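Structural description and commentary
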Amino acid sequence: FRTSVTGQWTSAMAARTHKDLNPRFGIMGIAARTSDPEATVGLGLNISADTLWQFNRLRVLGYASSPDAFPVVYCQSDTLKPCFDEETESYLFDLPCESDSVVVGFHLPEGEDFTLTGLEPLSGRKGINYFCSGTNGASLITWLEKCPDLERDLKLVHPDLAIFAIGINDSACKAVEFDVEKFKERYRRLIALIRKQSPDCAFLFITNNDSYRYIRRGMTYNWNGPTVEKAMFDLAEEYGGAVWDLYEIMGGKDSVLKWRDAGLCKKDKLHFTQEGYVLLGDLLFNAIVEDHNSRK
């Protein structure tokens, strides 16, 4: 997908502290606020020129400083006004035709502002809907305590499968400081939120990658990888879930050095390169398909 922005905005992420902006975060963990009546956000999905990416409705997540402020959609020569969905506190737009792109503007009287927390294109067609939720620096506590609209937004998703890859930031500490029971309890709280909206949701836990962690003067090895790995298996057994053992797939302790030397991890020995993330995506996809086919 592609995005574009015009006008003046102030943005924030739930995983960081912001003095000037303290928004209500939702499932995306990110927000942007504008009081500029000329501000717009563009979204384009037709990267591959495939009609499967076209949509005929758009949901705008966010909130206004007053009922007089609201989002609008610029479509051809028309300016579309939203229907406000009180249950999810979101703004719905019915587009006049199938489209693969949209531009969202804002009706903002003087002194008013709008805080945008997400865009959801809708088509109504059968298929797989994929939602990615995460920001740099996020940990379990980010979703549990800094995203008050998470539970509300989960009503929009109703996931059949939740893939958890949270934990690398939770465990970025000395081994003696890592409380594994608190780590698992926070996962239980997050799972309870999801099950409240989707009681039959399945869970897939991804273990931490082999990694280093930041210290004041550089990086040092993160010894908590195996501890998190065992915790994920414990949670999977507790909830009847599955585990994709990234720590083992990489090769276990010190394997991140080999991945770095192969150009798949960055020099910080923590984050992957673009090639590394693509490889991980392919490996995970293949694992899910192979497991599915083996059960037929």
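Just so it is clear, the model here is predicted, and its values are computed rather than measured.

Calculation criteria
Residues numbered from 1 in each chain as written. Predicted model: local features only at pLDDT ≥ 70, side-chain atom pairs only at ≥ 80, totals over all residues. Heavy atoms only, no water. Helix = DSSP H or I, 4+ residues; strand = E, 2+ residues; numbered from the N terminus. Rg over C-alpha atoms; globule rule 2.2 N^0.38 Å. Buried < 20%, exposed > 50% of the residue type's maximum accessible area, 1.4 Å probe, protein only. Contact = heavy atoms within 4.5 Å. Areas by Shrake-Rupley, 256 points an atom, 1.4 Å probe, with all protein chains shown as cover. Lys, Arg positive; Asp, Glu negative; His and termini not counted. Charge placed at Lys NZ, Arg CZ, Asp CG, Glu CD. Core = buried A, V, L, I, M, F, W, Y, C linked by side-chain atoms within 4.5 Å. Polar contact = N/O pair within 3.5 Å; in protein donor to acceptor, adjacent residues only side chain to side chain. Pairing = 2+ DSSP bridges. Axes fitted to C-alpha atoms, helices over the stretch in contact; angles between N-to-C directions. Phe/Tyr/Trp six-rings, centres within 6.5 Å; stacked < 30°, edge-to-face > 60°. Lys NZ or Arg CZ within 6 Å of the ring centre and 35° of its normal.

1. Overview of the overall build of the protein chain
Within the protein chain, the regular secondary structure consists of seven helices and 16 strands. The C-alpha atoms of the protein chain give 21 Å as radius of gyration, which agrees with the globular expectation for 296 residues (19 Å, within 12%). Taking the principal axes of the C-alpha coordinates as reference, the protein chain spans close to 60 × 50 × 40 Å. The burial tally for the protein chain puts 45% of its 296 residues in the buried class. A sequence separation of at least 24 residues applies to 74% of the contacts in the protein chain between residues at least 6 apart. Accessible area of the protein chain: about 16900 Å², with a carbon and sulfur share of 51%. Put simply, the protein chain has 33 plus and 42 minus side-chain charges, and the middle of one group is 7 Å from the middle of the other.

2. A closer look at the nonpolar core
The biggest cluster of nonpolar side chains holds 35 residues, and the ones touching the most others in it are Leu150, Phe164, Phe183, Tyr187, Leu190, Phe203 and Phe205. Sorting the residues of this core by element identifies helix 1 (140-145), helix 2 (150-157), strand 12 (161-164), helix 3 (180-197), strand 13 (202-206) and helix 4 (225-239) as the ones contributing at least two each. Beyond its immediate chain neighbours, meaning those up to four positions away, Phe203 contacts Leu161, Ala162, Phe164, Ile191, Ile194, Arg195, Tyr239, Gly241 and Ala242. With 21 residues, the next largest nonpolar core counts Leu58, Val60, Val73 and Val102 among its residues.

3. As for the side chain of Asn224
When you line up the elements, Asn224 lands in the loop between strand 15 (218-221) and helix 4. Within the structure, Asn224 has its side chain in polar contact with the backbone oxygen of Ser171 (distance 2.8 Å). Apart from the residues lying within four places of it in its own chain, the contact partners of Asn224 are Ser171, Cys173, Lys174, Ala175 and Phe178.

4. Concerning the sheet that holds strand 16 (residues 242-244)
Strand order in the open sheet made by the three strands is 12-13-16, with parallel pairing throughout. The open sheet has two edge strands, strand 12 and strand 16, and neither has a second partner. Here the strands of the sheet are splayed against their neighbours by 20 degrees on average, with no regard to which way each runs. Pairing geometry for strand 13 and strand 16, over three bridges, is parallel. From the neighbouring strand, Ile206 faces strand 16, where its bridge partner is Trp244. This element, helix 4, spans strand 13 and strand 16 of the sheet and lies at about 170 degrees to strand 13. Along the sheet, helix 7 (residues 274-294) contacts strand 13 and strand 16; its crossing angle with strand 16, the most-contacted strand, is approximately 145 degrees.

5. Regarding the side chain of Glu120
For Glu120, the position within the fold is in strand 11 (residues 114-122). When near neighbours in sequence (up to four residues on either side) are disregarded, Glu120 contacts Arg57, Leu58, Arg59, Phe131 and Leu156.

6. Digging into unusual backbone geometry
One non-glycine residue, Glu89, adopts positive backbone phi at about 50 degrees. With respect to the element layout, Glu89 can be found in the loop between strand 8 (83-85) and strand 9 (90-99). Of the residues examined, Glu89 reaches a relative accessible area of 34% and is grouped as partly exposed. With a phi angle near 45 degrees, His158 is a residue other than glycine that sits in the positive phi range. Position of His158 relative to the elements: it lies in the loop between helix 2 and strand 12.

7. Quick notes on the packing of aromatic side chains
In this structure the tally under the stated criterion is 15 aromatic pairs. Here the aromatic rings of Phe106 and Phe114 are separated by 5.2 Å at their centres, their planes lie at 35 degrees, and the arrangement is tilted. There is no split in this pair, since Phe106 and Phe114 are both buried. Feature note: the residues Phe164, Phe178, Phe183, Tyr187, Phe203, Phe205 and Tyr239 constitute an aromatic cluster, connected by ring pairs. Looking at Lys269, its charged tip hangs above the ring of Tyr212, at a distance of 4.0 Å from the centre.

8. Observations regarding the environment of Gly42
Among the secondary structure elements, Gly42 is positioned in strand 4 (residues 40-44). For the pair Gly42 and Arg188, spaced 146 residues apart in sequence, the C-alpha to C-alpha distance is 37 Å. Excluding its chain neighbours within four sequence positions, the residues that come into contact with Gly42 are Arg2, Thr3, Ser4, Val102 and Val103.

9. Comments concerning the pairing of strand 4
Strand 4 sits mainly inside the fold: five of its five residues count as buried. Of the two faces of strand 4, the one holding Thr40, Gly42 and Gly44 and the one holding Val41 and Leu43 are both buried throughout. In terms of strand pairing, strand 1 (residues 2-6) meets strand 4 through five bridges, oriented antiparallel. Bridge pairing in strand 4 places Thr6 opposite Thr40. For strand 4 and strand 10 (residues 101-107), the ladder comprises four bridges, and the chain directions are antiparallel. Across the sheet, the residue bridging to Gly42 is Val103, located in strand 10.

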